[in-house]
Amino acid sequence: MIDPIGALTEAFTSFLFGKVETTRLPVRTSTGQAQAVYLPTAAPGLGDSGVIIGREVYSGKGYIYDPFQLYGQQLPAPHWLVLGESGNGKSALEKTYVLRQLRFRDRQVVVLDAQGEDGVGEWNLIAQELGITPIRLDPTAALNGGIRLNPLDPSITTTGQLALLRTIIEVAMGHGLDERSGFALKVAHAHVTETITHRQPVLTDIVEQLRHPEAESAEAMNVDIDDVRAWGLDVALVLDRLVDGDLRGMFDGPTTAGIDLDAPLIVFDLSHIDRNSIAMPILMAIVGVWLEHTWIRPDRRKRIFLVEEAWHIINSPFVAQLFQRLLKFGRRLGLSFVAVVHHLSDVVDGAAAREAAAILKMASTRTIYAQKADEARATGRVLGLPRWAVEIIPTLTPGIAVWDVNGNVQVVKHLITEAERPLVFTDRAMTEASAMSEASAMPTDEARAVQAAADAEAEARAEAMAMERQWRDESSETVA
């Protein structure tokens, strides 16, 4: 029922002031167009200096990241943690990131490649493209001219050598050395380094000295020589594995000549090592200390140390402590440590929970690809992610990840160029053959449909490449 007084009032008001409200038809638009009206949907970026990762999903803006450029301003530390289940794009991200970083002449990268394909590490294609020979650590080839790394290399300080020997033994034994075993190892190492000067000391010398200690070693501590021999027996048995066991040949001789530590990319191929054996953390420890003393130098170069399957490091208390020390070089000597892990629960619930927490705290950048809902909640709880980010992690499609750069959280789609695609595509055995067989078995109409879809995908990639070139052009002055 119409209110006569209200109608009269509205008519009088309209007569004096004109019609107050007008009827407007609804407007249909897309979210892409509407976001220009509501500008806060375009999240602030990280600047325009560094390497292009891709684009921010909600705004479409280019996403550029570089830990060296951001350090001291938006990042307290240059270290980076990459998480996510297999098949979501972690590997492609790492490889394109390295390739793009190597465009800068002051960058150098070391990769511990723990995964293999076709009998070689998955970084083999990139190494070949750059004219680099990977350092392949292979127990089966070590005795026939394979690569050797000497834990007693003279380029490592005597203090570093002893620390490395202790780490190797503690990793293999699963517990720390007691005082007596540590004393036996120390006197054996001291005797070897003092008496062998005409060649590189090797592990065989340490094992021999542990089995047959010198009388002077016992007299110095006023103990019986048989006691010193007994204290060093377990240590000798552990080191004997590197000399005459399943790891024989890789560490029981002088370091192989010709390893180029000045190359822009150095790849340690560990794909021939059983990833679930005790050999992997031992290898990680030896390579880590060897690099600490031979590779990291105060020459103003920016270095990136990328470790695949990094839970082998973070899940071992003794190796984790060693790498904690290595990470501290990030501030003093310009080192960015990149750890790639499938599940955070692999490390935070492991034997090295305390050490893992310390390493995670040093990683100011965290990239999280798709995970199951329960894993995403656990990850969000440990890393302190906002609730909205935790909720979308299980819904992420391959190539899209949540990036948390010291609290700046964005959703980023990684873009791969046509030139990079053949180098970073690591599922050839599973995809190419099956795709070809399926296409050959398809009827003509279905084959045409598949081809049309492939053409559309190629067109989309070309568009992405054009966008990337535009971003590069716009940021080239600042990057230079």
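Keep in mind that this is a model prediction, so the values were computed, not measured.

## With respect to the overall build of the protein chain
Right, so step 1: Counting secondary structure elements, the protein chain contains 23 helices and 13 strands.
Right, so step 2: Burial analysis of the protein chain (480 residues in total) assigns 48% to the buried set.
Right, so step 3: Taking contacts inside the protein chain between residues at least 6 apart in sequence as the whole, the part at least 24 apart equals 74%.
Right, so step 4: Carbon and sulfur atoms provide 54% of the accessible area of the protein chain, an area that totals close to 24,100 Å².

## Comments concerning the pattern of salt bridges
Right, so step 1: All chains considered together, the criterion is met by 16 salt bridges.
Right, so step 2: In this structure, the salt-bridge partner of E292 is R325, at a minimum N-O distance of 2.9 Å. Of the two residues, E292 sits in helix α13 (residues 279-294) while R325 sits in helix α15 (residues 317-327), which places them 33 residues apart along the sequence.
Right, so step 3: With a shortest N-O distance of 3.1 Å, R387 and E391 are connected by a salt bridge. Taken together, the residues span about one helical turn, with R387 and E391 both in helix α20 (residues 387-392) at a distance of four residues.
Right, so step 4: What you see here is one network of salt bridges that share partners, running through D66, D106 and R107.

## Some thoughts on α13
Right, so step 1: Here α13 contains 16 residues, and its C-alpha end-to-end distance of 22 Å stays within 8% of the 22 Å for a straight helix at 1.5 Å per residue.
Right, so step 2: With respect to burial, α13 is a largely interior element, 15 of its 16 residues being buried.

## Let's talk about the nonpolar core
Right, so step 1: Membership of the largest hydrophobic core comes to 97 residues, with the highest contact counts inside it found for L137, L239, F268, L270 and F305.
Right, so step 2: Element by element, the count of residues in this core is highest for α13, at 11 residues.
Right, so step 3: Ranked by size, the runner-up nonpolar core spans 37 residues in total, among them V51, L75, V82 and L423.

## Looking at the sheet that holds strand β12 (residues 400-405)
Right, so step 1: Spatially, β2-β1-β13-β12-β11-β3-β10-β9-β4-β8-β7 is the arrangement adopted by the 11 strands of the open sheet, whose pairing is mixed. Of all strands in the sheet, those bounded by a partner on one side alone are β2 (62-65) and β7 (135-136).
Right, so step 2: When strand β11 (residues 363-368) meets β12, the two strands line up antiparallel, connected through four bridges. Within β12, the position partnered with T365 by the bridge is V405.
Right, so step 3: Most of the contacts of helix α18 (residues 353-362) go to β11, to which it runs at about 90°, and overall it touches β3 (79-83) and β11.
Right, so step 4: Along the sheet face, helix α19 (residues 373-383) touches β3, β11 and β12 and points at about 165° away from the line of β11.

## Topic: the pairing of strand β10 (residues 335-341)
Right, so step 1: Among the seven residues in β10, seven count as buried, and that is most of the element.
Right, so step 2: What you see with β10 is no split at all: L335, F337, A339 and V341 on one side and S336, V338 and V340 on the other are buried throughout.
Right, so step 3: Bridging between β3 and β10 involves four bridges; their strand directions are parallel. Paired with L81 across the bridge in β10 is A339.

## Here's the deal with unusual backbone geometry
Right, so step 1: Positive phi is not limited to glycine here, since R300 has a value of about 70°.
Right, so step 2: Residue placement: R300 occurs in the loop between α13 and β9 (302-307).
Right, so step 3: With a relative accessible area of 75%, R300 lands in the exposed category.
Right, so step 4: For N406, which is not a glycine, the phi torsion comes out positive at approximately 55°.
Right, so step 5: With respect to the secondary-structure elements, N406 resides in the loop between β12 and β13 (408-414).

## Points about the confidence of the model for the protein chain
Right, so step 1: Across the protein chain, the average pLDDT comes to 79, with 79% of residues at 70 or higher.
Right, so step 2: By mean pLDDT, the top-scoring element of the protein chain is β12 (96), and the lowest-scoring one is helix α22 (residues 428-441) (36).
Right, so step 3: Under a pLDDT of 50 for its full length, residues 428-454 has, in the predicted model, 10 contacts with residues more than four places off or in other chains.
Right, so step 4: Across residues 475-480, where pLDDT falls below 50, the model places eight contacts with residues more than four positions away in sequence or in other chains.

## A look at the packing of aromatic side chains
Right, so step 1: Per the stated rule, a full pass over the model turns up 12 aromatic pairs.
Right, so step 2: On the basis of an interplanar angle of 55° and a centroid distance of 5.6 Å, the ring pair of Y65 and W80 is categorised as tilted. Placement of Y65 in strand β2 and of W80 in strand β3 is noted, with a sequence separation of 15 residues between them. In this pair, the class of Y65 matches that of W80, namely buried.
Right, so step 3: A ring pair is formed by W80 and W403, whose centres lie 5.3 Å apart and whose planes are at 35°; its orientation type is tilted. With W80 in strand β3 and W403 in strand β12, this residue pair connects regions lying 323 residues apart in the sequence. For the pair W80 and W403, a shared accessibility class is recorded, and that class is buried.

## Comments concerning the side chain of T167
Right, so step 1: Tracing the sequence through the fold places T167 in helix α7 (residues 158-173).
Right, so step 2: In this structure the side chain of T167 is engaged in a polar contact, spanning 2.9 Å, whose partner is the backbone oxygen of A163.
Right, so step 3: In this structure, T167 is in contact with A285, F318 and L322, ignoring residues within four places of it in sequence.

## Here's the deal with the packing of helix α8 (residues 179-195) against helix α9 (residues 203-211)
Right, so step 1: Closest axis-to-axis distance for the α8/α9 pair is 9 Å, and the angle between their directions is 125°. Taken together, the axis directions place α8 and α9 in an arrangement best described as oblique. The chirality of how α8 crosses α9 is right-handed. Packed against α8, whose contacting residues are A184, L185, A188, H189, H191 and V192, the element α9 presents D205, I206, Q209 and L210 at the interface.
Right, so step 2: Taken together, the residues of the contact of α8 with α9 break down into six nonpolar, three polar and one charged.

## Quick notes on the packing of α7 against helix α12 (residues 233-244)
Right, so step 1: Running from N to C, α7 and α12 cross one another at 95°; their axes reach a closest spacing of 10 Å. Judged on the interaxial angle alone, α12 and α7 are roughly perpendicular. Residues L165, I168, I169, A172 and M173 of α7 lie in contact with α12, whose contacting residues are D234, V235, V238, L239 and L242.

Reading the values: the criteria
- Residues numbered from 1 in each chain as written.
- Predicted model: local features only at pLDDT ≥ 70, side-chain atom pairs only at ≥ 80, totals over all residues.
- Heavy atoms only, no water.
- Helix = DSSP H or I, 4+ residues; strand = E, 2+ residues; numbered from the N terminus.
- Buried < 20%, exposed > 50% of the residue type's maximum accessible area, 1.4 Å probe, protein only.
- Contact = heavy atoms within 4.5 Å.
- Areas by Shrake-Rupley, 256 points an atom, 1.4 Å probe, with all protein chains shown as cover.
- Salt bridge = Lys/Arg side-chain N within 4 Å of Asp/Glu carboxyl O.
- Expected span 1.5 Å × (residues − 1).
- Core = buried A, V, L, I, M, F, W, Y, C linked by side-chain atoms within 4.5 Å.
- Pairing = 2+ DSSP bridges.
- Axes fitted to C-alpha atoms, helices over the stretch in contact; angles between N-to-C directions.
- pLDDT = per-residue confidence, 0-100.
- Phe/Tyr/Trp six-rings, centres within 6.5 Å; stacked < 30°, edge-to-face > 60°.
- Polar contact = N/O pair within 3.5 Å; in protein donor to acceptor, adjacent residues only side chain to side chain.
- Parallel < 35°, antiparallel > 145°, perpendicular 65-115°, else oblique.
- Left-handed = near helix turned anticlockwise from the far one by under 90°.
- Nonpolar A, V, L, I, M, F, W, Y, C, P; charged D, E, K, R; others polar.

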